[in-house]
Amino acid sequence: MPLSSSVEQLKARVEELTGVHANMQKLLYKGQLKNESTLKQAGVLDGVKILLMASKVEDIVKLAAAASTAPVIAAPMVVPKVPLSERPEHRKILDKGKPDDLEPGLFGRKLPLPAEGLRRMLTSRGDKCRLTFKLELDELHINTNERTQKVQMGAIKAVTSEPIKDHEEYHILILRLGPTEKSNVFFYWVPCQYVDSAKTNVRLEATPTPITEPEPSIPYLPPPSWIDDAPRSVQPYLHLVRLDKPAGTYLLFLPCGWSIAMASCSPHAVVAPATTFGYLALFGVGALVMRGAGCTINDLWDRDLDKKVWRTRSRPLAAGTVTPVKALAFLGAQLSVGLGVLMQLNWYSILLGTASLLPVITYPLMKRITYWPQVVLGTAFNYGTLLGWSAVLGACNWQVCIPLYLAGISWTLVYDTIYALQDKSDDIKAGIKSTALRFGDNLKPWLSLFATTSVAGFAAAGYANEQGAVFYALSVAGPAAHFAWQIRTLAPHDPVDAARKFRSNAGLGVLVLTGILADGALSAPAEVESNPIELDA
């Protein structure tokens, strides 16, 4: 029959062939076919198979008659349900024992899901996995060493759980992804305090259980990283200095690099390339050490506030894996190494560098008293724009260093405001202030203002240092384009996008440094003087 025929006409034809009345038929092809649809509208093509589900009227009558005369049969014996943890297919996974570093299960507690997800559980294959509920994407991410599987929340038909016998503080979590039990996916050793939150976050029709805030004494595991493979005794300290998150180190080093590079191509001095790269390496070590020290200072100040913020509650001091006394001793070691780096410079730079400790120490306090703590952070993170120049040439050229410093501070106001967008709701509850809260609905106009100020600062510093066209193309126009992309595409209410945009600023800083170095290389004299400036011993 033609594809323009209706489903109702098709049923009439089936009735002629089978004797089954049209009203007793169900025709299935990619779902049930509706009478008013044409075959073409239903996607039916020549040669496809259509499933017929139907019964004849006489068969139904016979069945009813048989049922009325059937003898009464005793109800079958109810077989007790065997707990999942005692069934062989689950027992073989549980007999492997609890995974190393599994978070303790806490009876009687109902906690929100950790921001980093549920970690170190086992799959049905015995592999370690992590479950991350990406509510902003309406997805559940199942991470193993081999792959990441993304499951739409709407595809999860049910979430149930069952305590593990003799280890009732842990559960087996079951996700049903289809209509039958064969579609069940099992996760073993889920701490019981997160089970209700897991069910609620999947948005099933269940009565939400009140969620309480975590107690300060409960330790939390940090997100997975390469640090997990380091000796367990040093892991908390590596997490304390954020060694697996290098973006902060890059953002501290790059202003130093700009200043060193601009000093090296200053029209009033001739600096050997070996000296330039020697200082870049020295300041790279200093940035790594002092960024770690800054993190330690920040976490000592904020260890109570960090417990109230999802993203920071796993930090070692907040989680209790490092005590304040041990952190202070560790800080002393970090500052000693930083002092050793500083002592490689001239005395002008040593005195100038010592003054940088003031904003480093006071920045965490500013979050409690002003909505502009990013200004203080900017003065600390961009101090290298002063120090780099004085290290190379013995004293600052303020006509170059001041606009470069202001460009860096404005840059910090952009990227750290974006960074703070991740924690806005938690910051409000914890009483933490930031420019992200201060700017509110006027976020993008403010960011545009500081981006413009930053680009103008780069241009003014380049003009004072007599930079060439390459500098303006890469170190001025390049950041302008990068800022425009960041601000235009920024999704203020998406923490994932905010983190991505924040990290991209390392690329902006590298673009500025590349422009300075390239411009200096193209405009350098053919031969360097016989007595170029050398790296201080």
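Please refer to the structure placed before this passage.
So, here's what we can say about the structure. Quick caveat: nothing in here was measured; it's all calculated off a predicted structure.

**Topic: the overall build of the chain**
Thinking step 1. Across its full length, the chain carries 19 helices and 9 strands.
Thinking step 2. When the 537 residues of the chain are sorted by exposure, 47% land in the buried category.
Thinking step 3. In the chain, of all internal contacts separated by at least 6 residues, the share reaching a separation of at least 24 is 66%.
Thinking step 4. Total accessible area computed for the chain in this model is approximately 27300 Å², and 61% of it derives from carbon and sulfur atoms.

**Regarding the packing of aromatic side chains**
Thinking step 1. Scanning the model with the defined rule gives 15 aromatic pairs in all.
Thinking step 2. What links up through ring pairs into an aromatic cluster is the set Trp258, Trp411, Tyr415, Tyr419, Phe458 and Phe502.
Thinking step 3. In this structure, Lys433 packs its charged tip against the face of Tyr371, placed 5.6 Å from the ring centre.
Thinking step 4. It is Lys501 that lies over the ring of Trp485; its NZ or CZ is 5.1 Å from the centre.

**Here we look at the side chain of Thr249**
Thinking step 1. With respect to the secondary-structure elements, Thr249 resides in helix H6 (residues 247-264).
Thinking step 2. When its relative accessible area of 13% is taken as the criterion, Thr249 is described as buried.
Thinking step 3. Look past the residues within four positions of Thr249 in its chain and what remains in contact with it is Ala287, Leu288 and Arg291.

**A short note on the pattern of salt bridges**
Thinking step 1. Tallied over the entire structure, the rule returns 13 salt bridges.
Thinking step 2. With its nearest N and O atoms 2.5 Å apart, the salt bridge here joins Lys165 to Glu86. Of this pair, Lys165 sits in the loop between strand E7 (158-164) and strand E8 (167-176) while Glu86 sits in the loop between helix H2 (57-69) and helix H3 (88-94); the two residues are 79 residues apart in sequence, bridging distant segments of the chain.
Thinking step 3. With relative accessibility at 41%, the residue Lys165 sits in the partly exposed group.
Thinking step 4. On the basis of relative accessible area, Glu86 is assigned to the partly exposed category, the value being 36%.
Thinking step 5. We note a salt bridge from Arg120 to Asp228, for which the minimum N-O separation is 3.7 Å.

**What about the side chain of Gln374?**
Thinking step 1. Note on placement: Gln374 falls in helix H12 (residues 373-381).
Thinking step 2. The exposure class of Gln374 is buried, given its relative accessible area of 3%.

**Points about the pairing of strand E9 (residues 184-191)**
Look at any regular strand and the pattern is simple: side chains alternate between the two faces of the sheet.
Thinking step 1. The element E9 is largely enclosed, with a buried count of 7 among its 8 residues.
Thinking step 2. Judged from the 6 bridges that link them, E8 and E9 form a sheet pairing that is antiparallel. Bridging from a neighbouring strand, Ile174 pairs with Phe186 of E9.

**Side note on the pairing of E7**
Thinking step 1. Relative to E8, E7 is paired through 7 bridges, and the arrangement is antiparallel. Bridge pairing links Val159 to Leu175 in E8.

**Re the environment of Phe253**
Thinking step 1. Turning to its location among the elements, Phe253 is positioned in helix H6.
Thinking step 2. Owing to a relative accessible area of 18%, Phe253 belongs among the buried residues under this scheme.

**So, the packing of H6 against helix H13 (residues 384-393)**
Thinking step 1. Contact pair H6 / H13: the axes reach a minimum separation of 7 Å and the direction vectors enclose 35°. In terms of crossing hand, the pair formed by H6 and H13 is right-handed. Residue-level inspection shows Pro255, Cys256, Trp258, Ser259, Ile260, Met262, Ala263 and Ser264 of H6 in contact with H13, the latter providing Gly384, Thr385, Leu386, Gly388, Trp389, Val392 and Leu393.
Thinking step 2. Tallied by class, residues from the contact of H6 with H13 come to 10 nonpolar, 5 polar and no charged.

How each quantity is defined
- Residues numbered from 1 in each chain as written.
- Predicted model: local features only at pLDDT ≥ 70, side-chain atom pairs only at ≥ 80, totals over all residues.
- Heavy atoms only, no water.
- Helix = DSSP H or I, 4+ residues; strand = E, 2+ residues; numbered from the N terminus.
- Buried < 20%, exposed > 50% of the residue type's maximum accessible area, 1.4 Å probe, protein only.
- Contact = heavy atoms within 4.5 Å.
- Areas by Shrake-Rupley, 256 points an atom, 1.4 Å probe, with all protein chains shown as cover.
- Phe/Tyr/Trp six-rings, centres within 6.5 Å; stacked < 30°, edge-to-face > 60°.
- Lys NZ or Arg CZ within 6 Å of the ring centre and 35° of its normal.
- Salt bridge = Lys/Arg side-chain N within 4 Å of Asp/Glu carboxyl O.
- Pairing = 2+ DSSP bridges.
- Axes fitted to C-alpha atoms, helices over the stretch in contact; angles between N-to-C directions.
- Left-handed = near helix turned anticlockwise from the far one by under 90°.
- Nonpolar A, V, L, I, M, F, W, Y, C, P; charged D, E, K, R; others polar.

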